[in-house]
Amino acid sequence: MNSNHVLLEEPIRMASILEPSRSSYFPSMTKIVGTLGPKSRSVEVISRCLIAGMSVARFDFTWGDAEFHQETLENLKIAIKQTKKLCAVMLDTTGPELLVVNKGDHPIPLEAGSFVALTPDQEKEATSSLLPINFGGLAKAVKPGDTIFLGQYLFTGSETTSVWMEVSEVKGDDVVCLIKNSAVLAGTLYTLHVSQVHIDLPTLPDKDKEVISTWGVKNSVDFLSLSHARSGQDIREAREYLSKLGDLSQTQIFAKIENVEGLVNFDEILQEADGIILARGNLGIDLPPEKVFLFQKAAVYKCNMAGKPAVVTRVVDSMTDNLRPTRAEATDVANAVLDGADAILLGAETMRGLYPVETISIVGKICGESEKVYNQDSYFKKTVKYVGEPMSHLESIASSAVRAAIKVKASVIICFTSSGRAARLIAKYRPTMPVLSVVIPRLKTNQLRWTTTGAYEARQSLIIRGLFPMLADPRHAAESTGATNETVLKVALDHGRNIGVIKPHDRVVVCQKVGDDSVVKIIELED
């Protein structure tokens, strides 16, 4: 995959670096996905996370039962009402994950230079020389010389909590490995990752299907994070499954790219998925360290050109236990933004970390500063060239709205939309100002009752860079009159004033449908 360079705007005034970061209703255009867990599940903490900038709450089903996550979600709903901050819900599947079974829940010391056998016999006790695993086909999948990583919450790079091993020999169903570094495995959750080896397990196992059909359906989740996506067929099968579950047919599927198989089949996965999550924890194991950033840049570029959200993970691991990120981590967040990422996903940092609110706040500030030097002009030209001519009608309108907004230095773009597609296309061109997506509800019926659409569409835009949704009054139909449009526009302008993104004498670009025509107009506000 080839990607072009995105350069910083020049010149940057050195004095401006010393200016304090300005607080804003939108901490950054780049969105933040926070994983809720033991350290971030109270109403108080979730409320502070929302205020700090979290716009998507992730529920990770690799640990915790449905009851635990339901209690957390109920607290999220209360926090949303209290803060008046909209937040989407993401269900993260387990996928074909290999785990060590430690029924005794005791620490297991592993010494460098020693050997340990991985066995599918889960009845045996986990020791320093024998580790039971939940997969019976490992012996057939690996060969001597293959690399296996083992640790809690995936490989973190810490030599005290994670171990890397080399397959020495295969004995029947057991795999004997040479331990390369000393570590102590504490707790019950040890994830096993076999580097660049195909594991013959379904991407959406029965355990995940049960969670989706119960917890997912009950809570009408906005996003399904499909772990270990390896091909376009994985996405098609997951979408077919969701289509049978009522409202979940509207749930968007984000493919988590975690291994070389996902990299090789990236183009077909991108075509099928609604968005991409670059799971750099596992990718950093499957790829040589010096190659990870290349894949990130190439993958994010492809997502940008396709107009699909790209989410980057594992950026500030050290903030799980520390109040400040390392210099390398802060730079990593900035580079993800400059590469074009739509969102940053925080995992252990907010789930079990000591400083979930501070982590979200600091990541948001780094994103905001990075966006100031993002070369939008270069990106815009590159995107227009990539799309080519003739443009589709909607693509032409979207790019024209962004071009006009930049030329007149508009403070905001307001887009009327019912499906969300028009707003997503505008965001694709990365305007330097926020896009207020006014979601106009549609009325539909199943012959038994009337329902309105719009809530899904609004929440699903919360993961797209620069896009900030608001729900229009349900009494305003999508096929509205000119008078109704003006009423909704006034509500949108008032909302913009209330949150501080629109001020007197500002210019605002409005993108809306009038009859059968799509219209872009420029408004100059009075006092």
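Residues numbered from 1 in each chain as written. Predicted model: local features only at pLDDT ≥ 70, side-chain atom pairs only at ≥ 80, totals over all residues. Heavy atoms only, no water.

Which parts of the structure should I look at to understand the overall build of the protein chain?
A tally of regular secondary structure across the protein chain gives 17 helices and 24 strands. For 527 residues, the compact-globule estimate of 2.2 N^0.38 gives 24 Å, and the C-alpha radius of gyration of the protein chain, at 24 Å, lies within 12% of that figure. Counting only C-alpha atoms and orienting by the principal axes, one finds that the protein chain spans roughly 75 × 65 × 50 Å. A total of 527 residues make up the protein chain; the buried ones form 54% of that total. Residue pairs at least 24 apart in sequence account for 71% of intrachain contacts in the protein chain once pairs closer than 6 positions are excluded. Averaged over its 58 positive side-chain charges, the protein chain has a centre that lies 6 Å from the centre of its 63 negative ones. (Helix = DSSP H or I, 4+ residues; strand = E, 2+ residues; numbered from the N terminus. Rg over C-alpha atoms; globule rule 2.2 N^0.38 Å. Buried < 20%, exposed > 50% of the residue type's maximum accessible area, 1.4 Å probe, protein only. Contact = heavy atoms within 4.5 Å. Lys, Arg positive; Asp, Glu negative; His and termini not counted. Charge placed at Lys NZ, Arg CZ, Asp CG, Glu CD.)

Could you clarify how one ought to interpret the nonpolar core in this entry?
A general feature of soluble globular proteins is that nonpolar side chains tend to end up buried together. Counting residues in each nonpolar core, the largest one holds 65 residues, and the members touching the most others are Met54, Phe59, Leu76, Ile212, Trp215 and Ile276. The residues touching Ile276, leaving out its near neighbours within four places in the chain, are Phe254, Ala255, Ile257, Phe266, Ile269, Leu270, Cys303, Pro309, Ala310 and Val311. Core analysis: the second largest hydrophobic core is formed by 34 residues, Ala343, Phe380, Ile413 and Leu425 among them. (Core = buried A, V, L, I, M, F, W, Y, C linked by side-chain atoms within 4.5 Å.)

Is there a simple way to explain the side chain of Thr30 in this structure?
Structurally, the position occupied by Thr30 is in the segment before strand S1 (31–35). Judged by relative accessible area, Thr30 falls into the buried class, the value being 2%. Within the structure, the side chain of Thr30 is placed 2.6 Å from the side chain of Glu371, a separation counted as a polar contact. Non-local contacts of Thr30, meaning those with residues more than four positions away in its chain, are made with Val337, Ala341, Asp342, Ala343, Ile344, Cys367, Glu371 and Arg465. (Polar contact = N/O pair within 3.5 Å; in protein donor to acceptor, adjacent residues only side chain to side chain.)

So what exactly am I meant to see when it comes to the sheet that holds strand S16 (residues 310–313) here?
Read once around its circumference, the closed barrel built from eight strands follows the order S1-S2-S3-S13-S14-S15-S16-S17, with strand pairing classed as parallel. With direction set aside, neighbouring strand axes in the sheet form an average angle of 25°. Direction of pairing for S1 relative to strand S17 (residues 343–346): parallel, over a ladder of four bridges. Residue pairing for S17: Gly34 is matched across the bridge by Leu346. (Pairing = 2+ DSSP bridges. Axes fitted to C-alpha atoms, helices over the stretch in contact; angles between N-to-C directions.)

Would you explain the packing of aromatic side chains in this entry?
For any pair of aromatic rings, the description consists of the separation of the ring centres together with the inter-plane angle of the planes. This model, assessed by the stated rule, comprises seven aromatic pairs. When the centroid spacing of 5.2 Å and the interplanar angle of 50° are considered together, the rings of Phe59 and Trp215 count as tilted. With Phe59 in strand S2 (residues 54–60) and Trp215 in helix H4 (residues 206–219), this residue pair connects regions lying 156 residues apart in the sequence. We note that Phe59, like Trp215, is buried. (Phe/Tyr/Trp six-rings, centres within 6.5 Å; stacked < 30°, edge-to-face > 60°.)

When you look at the sheet that holds strand S8 (residues 147–151) in this model, what are you seeing that I'm missing?
The mixed open sheet is built from seven strands, whose spatial order is S4-S12-S8-S9-S10-S6-S7. Both edges of this open sheet fall to strand S4 (98–100) and strand S7 (130–132), since each of them pairs with a single strand only. Neighbour-to-neighbour, the strand axes of this sheet turn through a mean angle of 35°, independent of strand direction. Across four bridges, S8 lies against strand S12 (residues 190–194) in antiparallel orientation. Following the sheet pairing, Leu150 is matched in S12 by Leu192.

Would you explain unusual backbone geometry in this entry?
Excluding glycine, residues mostly have negative phi values, and the peptide bonds linking residues are mostly trans. Note that the residue after Glu389, namely Pro390, is joined by a cis bond; omega there is -5°. Tracing the backbone shows Pro390 in the loop between helix H13 (376–387) and helix H14 (393–407). The backbone of Gln196 shows a phi angle near 55°, a positive value even though the residue is not glycine. In this structure, Gln196 sits in the loop between S12 and H4. With phi around 55°, Lys409 is a residue other than glycine that occupies positive phi space. Mapped onto the fold, Lys409 is located in the loop between H14 and strand S18 (412–417).

I would appreciate a short explanation of the side chain of Asp506 in the present structure.
With respect to the element layout, Asp506 can be found in the loop between helix H17 (482–498) and strand S23 (507–514). No salt bridge is formed by the buried Asp506, whose closest oppositely charged neighbour, Lys503, lies at an N-O distance of 5.6 Å. In this view, Asp506 contacts Ser411, Val501, Ile523, Glu524 and Leu525; residues no more than four positions away in its chain are not counted. (Salt bridge = Lys/Arg side-chain N within 4 Å of Asp/Glu carboxyl O.)

It is not clear to me how the packing of helix H10 (residues 327–339) against helix H12 (residues 356–372) should be interpreted in this structure. Could you clarify?
Between two packed helices, both the angle of their axes relative to each other and the distance between the axes serve to describe the pair. Packing of H10 against H12 leaves a shortest axis separation of 9 Å and a crossing angle of 50°. For the element pair H10 / H12, the angle class is oblique. Helix-helix and strand crossings are classified by hand; for H10 and H12 the assignment is right-handed. Facing H10, whose interface residues are Ala330, Val333, Ala334, Val337 and Leu338, H12 presents Val363, Ile366, Cys367, Ser370 and Glu371. For the contact of H10 with H12, a count of residues per class yields eight nonpolar, one polar and one charged. (Parallel < 35°, antiparallel > 145°, perpendicular 65-115°, else oblique. Left-handed = near helix turned anticlockwise from the far one by under 90°. Nonpolar A, V, L, I, M, F, W, Y, C, P; charged D, E, K, R; others polar.)

Before we go on, may I ask you to explain H13 in this structure?
Helical geometry note: an α-helix holds 3.6 residues per turn, so side chains three or four residues apart project in the same direction. With twelve residues, H13 should cover 16 Å at 1.5 Å per step; its first-to-last C-alpha distance of 16 Å lies within 8% of that length. Considered for burial, the residues of H13 that qualify are Gln376, Tyr379, Phe380, Lys382 and Thr383. Around the axis of H13, the buried residues are gathered within 165° of arc, so they sit on the same side. Along H13, the residues that are exposed and aim more than 90 degrees away from the buried face are Lys381 and Lys385. Buried positions along H13 lie against helix H9 (289–306), H14 and helix H15 (421–428). Positive backbone phi, at 75°, marks Gly388, one or two positions downstream of H13. (Expected span 1.5 Å × (residues − 1). Arc of directions from axis to C-beta.)

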